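These are the residues of each chain, in order.
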Amino acid sequence: MEFEAACREIAAAVEEVALPLVNTLEGAELVEPRSVHSETKLLDQVAEEAVIECLKSRQLCRTLVSEECGRIEIGGERGTIFLDPIDGTFNALNGIPFYALSIAYAEEGRVIRGFVRDLANGETFFAERGKGAFLDGVPIRTSITHQLDQSAMSIYGRKFDPGNVMALGRTVRRWRLLGASALELCYVGAGRLDGFIDLRGTLRVTDAAAGMLVCTEAGGVVSDRNGFDLTFPEEVRIGRCLVATNGPLHRKVIEYLR
Ligand code: IPD
Ligand code: CA
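So, a few notes on the structure that sits alongside this text. Small disclaimer: the values here were computed from a predicted structure and weren't measured.

### Let's talk about the packing of helix 5 (residues 181-189) against helix 6 (residues 205-217)
Moving on, step 1. Look at helix 5 against helix 6: their axes get within 8 Å of each other, and the N-to-C directions meet at 5°. Of the possible angle classes, the one that applies to helix 5 and helix 6 is roughly parallel. Two secondary-structure elements touch here, helix 5 through Ser181, Ala182, Leu185, Cys186, Val188 and Gly189 and helix 6 through Asp207, Ala208, Gly211, Met212, Val214 and Cys215.
Moving on, step 2. Classifying every residue of the contact of helix 5 with helix 6 by side-chain character gives eight nonpolar, three polar and one charged.

Set out below in C-alpha cells:
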C-alpha cells in the first residue's frame, strides 16, 4: 500500500483511540512502560498500540523504532519506521491544541518519506525525498526572511542553562516555544516559522525524522549546532541538538550560537 495512504489510515486509527483521552485525567495516567527509557502515559500507549496494529496488519516495514516501545520487529520485507505516536503529550493533556503523530520511513539509513498529522487541527504534512513537501496536498515552501531581527523562531535552550541561546533569542523579532518539535519543524517548512533551534540535546530520531524531511523538502536547511550534517542514531536513548531554518538565515543562526 502506498505510504501516504497507509499513514492516513494509521492517523485515523490513532485519532479514534487517542482523541477521547485528550485533556483528561485518564489519558495522563502512567502505565507500565514497554521499554526502559520512557515514562509512558495512557494517551501515548493507546496511540502507539493503534499504530503498531496497523503496521503489523499491513506489513509496512521490517523494523519499528518508537518512542514508547523502543525497537521492535514488525515483519515486513524492508524499511524502518521512526514513530512518535504523540509528540507534545503535555500539550494534549493540558488543553493546548498543538500535538501530533509523526511517522518517518527509511531505507538503507535514509529517511525517504515523512508524515506528520496535527492531531489538534487535522492538518497533514507529508514529504517525499526529492519530490517536495505538502500541507494537505498543497506544496509548501520555507519563508524568505533573511534578517534575524525580522524573524520568528522557536528556540530551546537547556533547562537550567539558557545562556547558549540568549544571544539569538534577543536578536530575533519573535521568540516562540510551541512544545511539539515534529510540528515546529513542519512549521519551518510551511514558512510559518523562520527557524526551529533546539540545543537541549534531547531530540531523538523519533521526534525529528519526519519533520526534518518536511523542512528540507520545502527548501529549509537542517544541521547540527555547528552547521554540519546532522545524523541521528536509530534508537530512542540518544538525543541531539538541531538547527533548522528557512535557508537564508542558517549561517547567521550558526554564527550566533558560537
Ligand atoms: C515534549 C515533546 C516536544 C518537545 C517539548 C517536550 P511531551 O514532550 O518532546 O517535541 O519540543 O519540549 O516537552 O509534551 O511530549 O512530553
Ligand atoms: Ca511522544
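### A few points about the pairing of strand 1 (residues 63-66)
Moving on, step 1. Alternating positions in strand 1 separate into two faces, Thr63 and Val65 on one and Leu64 and Ser66 on the other, with burial throughout.
Moving on, step 2. Both strand 1 and strand 2 (residues 70-73) contribute to a ladder of four bridges, which runs antiparallel. What sits directly across from Ser66, in strand 2, is Gly70.
Moving on, step 3. The hairpin turn running from strand 1 into strand 2, its antiparallel successor, is three residues long.
Moving on, step 4. With four bridges connecting them, strand 1 and strand 3 (residues 80-87) associate as parallel partners. Counted as the bridge partner of Ser66 is Leu83 from strand 3.

### Here's the deal with the site of ligand 1
Moving on, step 1. Taken together, the residues surrounding ligand 1 are Asp87, Gly88, Thr89, Phe90, Tyr156, Gly179, Ala180, Ser181 and Arg200.
Moving on, step 2. Here an oxygen atom of ligand 1 and a backbone polar atom of Thr89 are 2.8 Å apart.
Moving on, step 3. More than half of the atoms of ligand 1 fall within 2 Å of the grid points belonging to the largest pocket.
Moving on, step 4. Within the shell around ligand 1, the residues separate by chemical class into three nonpolar, four polar and two charged.
Moving on, step 5. Looking at the shell around ligand 1, you find at least three residues from each of domain 1 (3-139) and domain 2 (148-257).

### With respect to the sheet that holds strand 1
Moving on, step 1. Spatial ordering of the open sheet is given by 2-1-3-4-5-6-7-8, a layout of eight strands whose pairing is mixed. A single partner strand is all that each edge strand has here, and the edge strands are strand 2 and strand 8 (138-139).
Moving on, step 2. Across eight bridges, strand 4 (residues 100-107) lies against strand 5 (residues 110-118) in antiparallel orientation. Bridge pairing links Ala106 to Val111 in strand 5.

### Describing helix 2 (residues 42-58)
Moving on, step 1. The end-to-end C-alpha distance of helix 2, which contains 17 residues, comes to 25 Å, matching closely the 24 Å that a straight helix rising 1.5 Å per residue would cover.
Moving on, step 2. Within helix 2, 12 of the 17 residues are buried, which leaves the element mostly enclosed by the surrounding structure.
Moving on, step 3. What helix 2 keeps buried is the set Leu42, Leu43, Asp44, Gln45, Val46, Ala47, Glu48, Ala50, Val51, Ile52, Cys54 and Leu55.
Moving on, step 4. The elements touched by buried residues of helix 2 are helix 1 (3-18), strand 1, strand 2, strand 3, helix 3 (89-93) and strand 4.
Moving on, step 5. Positive phi shows up at Gln59, right after helix 2, with a value of about 50°.

### Focus on the coordination of the calcium ion (ligand 2)
Moving on, step 1. Those protein atoms acting as donors to the calcium ion (ligand 2) are Glu67 (OE), Asp84 (OD), Asp84 (OD) and Ile86 (O), and they sit at 2.2 to 3.0 Å.
Moving on, step 2. All donors to the calcium ion (ligand 2) come from one chain, and their sequence spacing reads E-x16-D-x1-I.
Moving on, step 3. When its relative accessible area of 1% is taken as the criterion, Asp84 is described as buried.

### Here we look at the side chain of Asp44
Moving on, step 1. In this fold, Asp44 is placed in helix 2.
Moving on, step 2. This buried residue, Asp44, is left without a salt bridge; Lys41 holds the nearest opposite charge, at 5.8 Å.
Moving on, step 3. When sequence neighbours within four positions are dropped, the list of residues in contact with Asp44 reads Glu39, Glu68, Pro85, Ile86 and Thr89.

### Overview of the nonpolar core
Moving on, step 1. Membership of the largest hydrophobic core comes to 39 residues, with the highest contact counts inside it found for Phe82, Val116, Phe125, Phe196, Met212, Phe232 and Leu242.
Moving on, step 2. Breaking this core down by element, the ones donating at least two residues are strand 4, strand 5, strand 6 (124-128), strand 7 (132-135), helix 5, strand 11 (195-203), helix 6 and strand 13 (240-245).
Moving on, step 3. Sort the elements by how many residues they give to this core and helix 6 lands first, with eight residues.
Moving on, step 4. Both domains that meet at this core, namely domain 1 (3-139) and domain 2 (148-257), each give it at least three residues.
Moving on, step 5. The contacts of Val116, once residues within four sequence positions are left out, are Ala100, Leu101, Ser102, Glu123, Thr124, Phe125, Ala182, Leu183, Cys186, Ala210 and Gly211.
Moving on, step 6. Grouped together as the second largest cluster of nonpolar side chains are 38 residues, Val14, Ala18, Val31 and Cys61 included.

Calculation notes
- Residues numbered from 1 in each chain as written.
- Chains lettered and ligands numbered in written order.
- Predicted model: local features only at pLDDT ≥ 70, side-chain atom pairs only at ≥ 80, totals over all residues.
- Heavy atoms only, no water.
- Axes fitted to C-alpha atoms, helices over the stretch in contact; angles between N-to-C directions.
- Helix = DSSP H or I, 4+ residues; strand = E, 2+ residues; numbered from the N terminus.
- Parallel < 35°, antiparallel > 145°, perpendicular 65-115°, else oblique.
- Contact = heavy atoms within 4.5 Å.
- Nonpolar A, V, L, I, M, F, W, Y, C, P; charged D, E, K, R; others polar.
- Buried < 20%, exposed > 50% of the residue type's maximum accessible area, 1.4 Å probe, protein only.
- Pairing = 2+ DSSP bridges.
- Near = heavy atom within 4 Å.
- Polar contact = N/O pair within 3.5 Å; in protein donor to acceptor, adjacent residues only side chain to side chain.
- 1 Å grid on protein atoms, 1.4 Å probe; cavity = no way out; pocket = protein on both sides within 12 Å on 5 of 7 lines; lining within 4 Å.
- Sits in = over half its atoms within 2 Å of the grid points.
- Domains from an automatic or database assignment.
- Expected span 1.5 Å × (residues − 1).
- Donors = N, O, S within 2.8 Å, 3.2 Å for Na, K, Ca; no water.
- Lys, Arg positive; Asp, Glu negative; His and termini not counted.
- Salt bridge = Lys/Arg side-chain N within 4 Å of Asp/Glu carboxyl O.
- Core = buried A, V, L, I, M, F, W, Y, C linked by side-chain atoms within 4.5 Å.

Scope: geometric values only; no functional claims are made or implied.
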